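Topology and contacts: notes
Each chain, letter by letter, is given below.
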Amino acid sequence: MSESLLEITDLGISFSHPRPAVRSVSVTVEEGEVVALVGESGSGKSMTARAVIGLLPDGAIATGSVRLRGREVLGLPEAELNQVRGRQVAMVFQEPQTALNPVRTVGWQIGEALRAHGGVRGKAAKDRAVELLREVEIPDPEERLGFYPHQLSGGQKQRVVLALALANEPELLLADEPTTALDVTVQAEILALLRRIRDRTGTSILIITHNMGVVAHLADRVVVLRQGEVVEEAGTRELFAAPRHSYTRQLLDAVPRLPTPEERVHAVTVDDAPAVATDAVAALEYDDVRVHYGSRMRGRVLPAVDGVTLRLERGQVLGLVGESGSGKTTLGRLAAGLVPLAGGTVRVGGEDLVRARGRRRADLRRGLAFVHQDPEASLDPRFSIAEAIREPLDVHGIGSRKGREARVTELLDAVRLPQSFLQRRPRELSGGQRQRVALARALTLDPRLLIADEPTSALDVSVQAEVLELFADLQQRLGFACVFISHDLAVVNKVADHVAVLRSGKVVELGPAARVFGAPSHDYTRQLLAAVPVPDPTVPNLVTSATGPALREQHIAS
Amino acid sequence: MGAYLLRRLPSALVVLAIASFGIFAMVRMVPGDPVSTLAGPDASPEARAAIRADLGLDQPLVTQYVTWLGQLFRGDFGTSYRIGGSVKDLVADGAVNTIVLTVTALLLAMAVALVCSVLAVVLDNRWVNATLSFGNTLAIALPTFVTGLVLILLFAVVFPVLPAGGTPPDGFLARPDLSVQYLLLPAVCLALGAGAALTRFLTESLRTELRQPYVTTARALGISRRRIVLTQALRNALPSAVTVLGIQFGTLLGGAVLVEAIFTWPGLGGLIEEAISGRDYPLVQVLLLLSVGVFVVIQLVTDVIHAWLDPRIRIGAQA
Amino acid sequence: MSESLIDIAAPEATSPDDQFDQRRRPGIWTALRRGKGLAGLVLIGVVVALGLLAPVLAPHSATEQIPGANLVGPSGAHWFGTDEVNRDIFSRTLYGIRTDLIVVFLAVPIGAAIGIFVGLISSWWTFTDVVAQRVFDLVLAFPTLILAIALTAFVGPGLRTVFFVIVAVELPVFGRLTRTSVRSVREMPYVEAAHVVGAGSLWQLRRHVLPNSMEPLLVQLAVSMSVAVFIEGAMSFLGLGVRPPQPSLGSLIRDGVRNLYDAPFFAVGPLVIVVALVLSLLLVSQALAEARRA
């Protein structure tokens, strides 16, 4: 038989760092095959893909071999690489928001991709551009040619990036986390599109992802990477059915899951009534709450939250789910007093947060805590870990110096971090560790209400699993009420007692988590659930079943 | 675009209005009396009073201000106390020379910045970068009066190939070759600092652009680095470069005062020095107001060009 | 949760989650201990030492007139030569440095401090912010030298005027920069976090915003100091600076230009010192700026 389309043998990539980014990776991709490179951050999956297209960062040293149809790509001079890029191998990136040139039109950028390989010009180029946009299922392609990237929605941008990659009919498409930055329903559409492109054109795809659900429904074969080495390689069905390596098993176990079909049958019987009597004082109440964005002076006022009424009982966890622009984050920030209220009332422990003044306000604040989604930025880079955790005590002047230190020690234990971390700076911690510190800091004042805004979305699955478990444990022990905001339905399913599904600033469905996820009553909830790629290749879902173009693109483009 | 301009206009007018009153009031508070300058030390009190009334200086400050504004709007800029003659003519004569000098310097600076920064980024060669960076630091570090002196010493004293100062005797249009000779030294001297600052800024922003994800996208499509710099990175770096250019133009105007003094170039710089030392109120006011006016207009123009160059501002999101 | 997973995330093991920079980020200060920064610092040190030690190093006083030495070229007795009224230019240059040191190390920091204070306070509320920005705009609307000329008309020429001009020019520069940094830092989640737990504006400003806004301000300080040498030179050059017979680097250059054709050596010494001072400050600012970007 002829040689493979792509053959990576014993690839190693190192920087001046002591630890190499890629130790030894060997992967082959055959014609028309979809291979997934799976791993957590630091596994070297992205570096491997970049080596294939010759786009390693400056200072990277690559060893081993990368062959495309038998031709060695590593060490090829730039001019020859430019012949390979785009024509033989093309790449789609994670962040569609920045992957396109903001000051050039879509048509110009496609034209430039065609010109790079001396292809068609003029009228023929325009026709080809329209054809490409049609291929990636963008409506009104002729008109869209004149659009700038900022006039397109995230999903449409990713389609344009895909069109650019397909412009010169490459044999191999590298897709680096192509759907990670997208909403779940858009993700489903893009995945379905990738699959159709493979079926239509026979283009091989090497998809790099951390998402087991994406793997399950797109890949023919899976290669699991860990710290720059291949730990397991298998056909998708075999891998999910019987993972051989313990790391693969851990990875699969760590993935939060939604109710299975059998569980869903039982869910119908779950009672929607709140577990606690409603006459008790709620931890948090939203009463017909409204928030606006944009300034009235410029004549554009958009509702971010549009008449939401919700109630969170003491000691319970309320999950807020929805796609971008649903208003879930705004609702959380509202409860923390970070967003001005345009209408309605927010009551924390029965008291109006906005109207409280002076001492009452300070007391209310002491009972509140907020965990931000970005572990990079949620700790002051100049503060040591001890200072960061102690800050709330310092602010309120609580306790003696010794007492404060004892409290910090206790909290660090509670989030299962060693005492040696006390004098470290945030920069010396990993994302997961930083998020634990943020959690410790939030618990410093024994809050009655914790608002957690996507606290695990920047973390790897296994780290996410630990943080979620830690969170659930602390919540049980300390009994604080919590608003848990996430775009990830499975994560919310794992931690929340009740769930509110939000869309365009309104609550579309509310109920106990098991009922909402098991037996959704609203169409939108059903759509959301159907779009989540289930980490099980035997379960058919939207990715494999969807055949039509742009299911709900019109909704996303807001 | 027109709407954008309209939105920016009111704040520009407010700045102008406040500035004009500030200038007017400040000039009145300057110690030293134009009356004694005009009348001489031995004039009688009656003669002083007559001159005072003649100049309108016996009126309240606000009245004087309103009168002055009214005159300005009618195109009457007043008469110079000391030098004599209409302020309009004096300013117009000086302005031509200053504008020729600063605009030449600006074009020179722009050309140098564009060529140097693109070369640095496209070649991306250690030695080219080191050389450009060294020259750049030197050009920024050398004060204008230093480079001016060195230029005169070199090209007018040691090797007398160019005139040491002044403007061409028959105006700029009569003998273009002569005009170039006269312009060369002062324009280079003036352009050096601004050119170096612009080069530094443009090089840095081009480098930043080249780190943007869209450049990676383009490279993954097989588009050459040089082509990306010329057709994409430069286009993205342009809007903010225009803003910096506007700021540099202000710096050039200030620098022109000095360069004009070094090269005995008869422009507005000398005029303003003379006007202030002679307490020539009408002239001082108009000159200061002019400098604020130029600043406001340049800000407005750069803002509009910036907005026009950036489709994200030009066309709002439609989706 | 399996025990092994917790092990993976334990800080001592190389977990999949440790894609972070183990090395402490070197503070921008370390930039002053090598390369450009060190060169700049050493050069500044030399110039400062020359100025401070002027009474020891100078063979003559700044105003002493030496009989028979009129516009003499450089020699063993007069390293930089003598001027048209028989004064030793080397001695005058050393004393002239002192004038510039006052401007660089006193006027600039004062202007910067006031600017930072005004910028910090005003940027916290929308109204004061708008007012302060308008005022800054207005002052910055005047090219520096025109402002200098106008101010000289008001208070007369002299070192005091140079001082005023530099404070007036640097105040809005720092005010604006402070405002920009504050605006970006206060949006940071860690400032929000402090706000949520009940920290007041003052606490947020003092503990988080100001310390994290310092770096761009430091870079600007070095830049402004080099600009101050510029301004002193230009003002003295135009006759707006120190009054004779007091020397400053700018006034010495002005005197040098007057005698350009008779004594071309005159201006060389002061020119070299001015360039050294500006260059050294610029090198420091560039080193700091590069360390910040890294």
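Within an unreviewed UniProt entry, the label attached to chain C reads ABC transporter permease, and the organism entered is Nocardioides endophyticus. In the Sequence similarities (unreviewed entry) part of its UniProt record, chain C is described as follows: "Belongs to the binding-protein-dependent transport system permease family."

As annotated in an unreviewed UniProt entry, chain B is ABC transporter permease from Nocardioides endophyticus. In its Subcellular location (unreviewed entry) section, the UniProt entry covering chain B states "Cell membrane".

A look at the overall build of chain B
Looking only at helices and strands, one finds 13 helices and zero strands in chain B. Traced from its N-terminal end to its C-terminal end, chain B shows the element sequence α-α-α-α-α-α-α-α-α-α-α-α-α. C-alpha atoms of chain B, sized along the principal axes, occupy 85 × 65 × 35 Å.

Re the packing of helix 5 (residues 87-123) of chain B against helix 6 (residues 126-141) of chain B
Residue and element names in this part refer to chain B. At their nearest, the axes of helix 5 and helix 6 sit 8 Å apart, and the two run at 155° to each other. Put simply, helix 5 runs roughly antiparallel to helix 6. Relative to helix 6, the crossing made by helix 5 is left-handed. Every residue of helix 6 that contacts helix 5 at Cys-116, Leu-119, Ala-120 and Leu-123 is listed here: Val-128, Asn-129 and Leu-132. Class assignment for the residues of the contact of helix 5 with helix 6 results in six nonpolar, one polar and no charged.

Notes on the interface of chain B and chain C
Between chain B and chain C, the residue contacts involve 29 residues of the former and 28 residues of the latter. At the level of elements, helix 1 (2-29), helix 6, helix 7 (144-158), helix 10 (225-262), helix 11 (268-277) and helix 12 (281-309) of chain B are the ones that each hand at least two residues to the side of chain B that touches chain C. Along the lines of polarity and charge, the residues of the side of chain B that touches chain C split into 22 nonpolar, six polar and one charged.

A short note on helix 6 (residues 144-155) of chain C
The end-to-end C-alpha separation of helix 6 of chain C is 16 Å, in line with the 16 Å expected for 12 residues at 1.5 Å each. Along helix 6 of chain C, 10 of the 12 residues are buried, which leaves the element largely enclosed by surrounding structure. The set of residues buried in helix 6 of chain C consists of C:Thr144, C:Leu145, C:Ile146, C:Leu147, C:Ala148, C:Ile149, C:Ala150, C:Leu151, C:Thr152 and C:Ala153. Next to the buried residues of helix 6 of chain C lie helix 10, helix 11 and helix 12 of chain B together with helix 7 (159-185) and helix 9 (201-237) of chain C. Phi turns positive, to about 80°, at C:Gly156, one or two residues after helix 6 of chain C.

Concerning the UniProt feature "transmembrane region" (unreviewed entry) in chain B
All names here are of chain B. Sequence positions flagged by UniProt for "transmembrane region" (unreviewed entry) are, in local numbering, residues 12-30, 99-123, 135-162, 182-202, 237-263 and 283-309. Between the C-alpha atoms that bound residues 135-162 there is a distance of 24 Å. The span itself is 79% helix and 0% strand. Helix makes up 100% of residues 283-309 and strand makes up 0%, while its end C-alpha atoms are separated by 38 Å.

Here's the deal with the environment of A:Val35
Residue and element names in this part refer to chain A. Here Val-35 shows up in strand 3 (residues 34-38). Residues Val-35 and Leu-218, 183 residues apart in the sequence, show an inter-C-alpha distance of 8.5 Å. Residues in contact with Val-35, not counting those within four places in the same chain, are Val-27, Val-29, Leu-206, Ala-219, Asp-220, Arg-221 and Val-223.

Section: the pairing of strand 20 (residues 506-512) of chain A
Residues and elements named next belong to chain A. The pairing of strand 19 (residues 498-503) with strand 20 spans six bridges and is classified as antiparallel. Bridge assignment links Val-501 to a residue of strand 20, and that residue is Glu-509. Here strand 19 hands over to strand 20 after two residues, with Ser-504 in that stretch at a positive phi of 50°.

Cut-offs used in this document
Residues numbered from 1 in each chain as written. Chains lettered and ligands numbered in written order. Predicted model: local features only at pLDDT ≥ 70, side-chain atom pairs only at ≥ 80, totals over all residues. UniProt positions renumbered as here; feature names shortened; annotations may be inferred. Helix = DSSP H or I, 4+ residues; strand = E, 2+ residues; numbered from the N terminus. Axes fitted to C-alpha atoms, helices over the stretch in contact; angles between N-to-C directions. Parallel < 35°, antiparallel > 145°, perpendicular 65-115°, else oblique. Left-handed = near helix turned anticlockwise from the far one by under 90°. Contact = placed C-beta atoms within 7 Å. Nonpolar A, V, L, I, M, F, W, Y, C, P; charged D, E, K, R; others polar. Expected span 1.5 Å × (residues − 1). Buried ≥ 20, exposed ≤ 12 C-beta atoms within 10 Å, placed from the backbone. Pairing = 2+ DSSP bridges.

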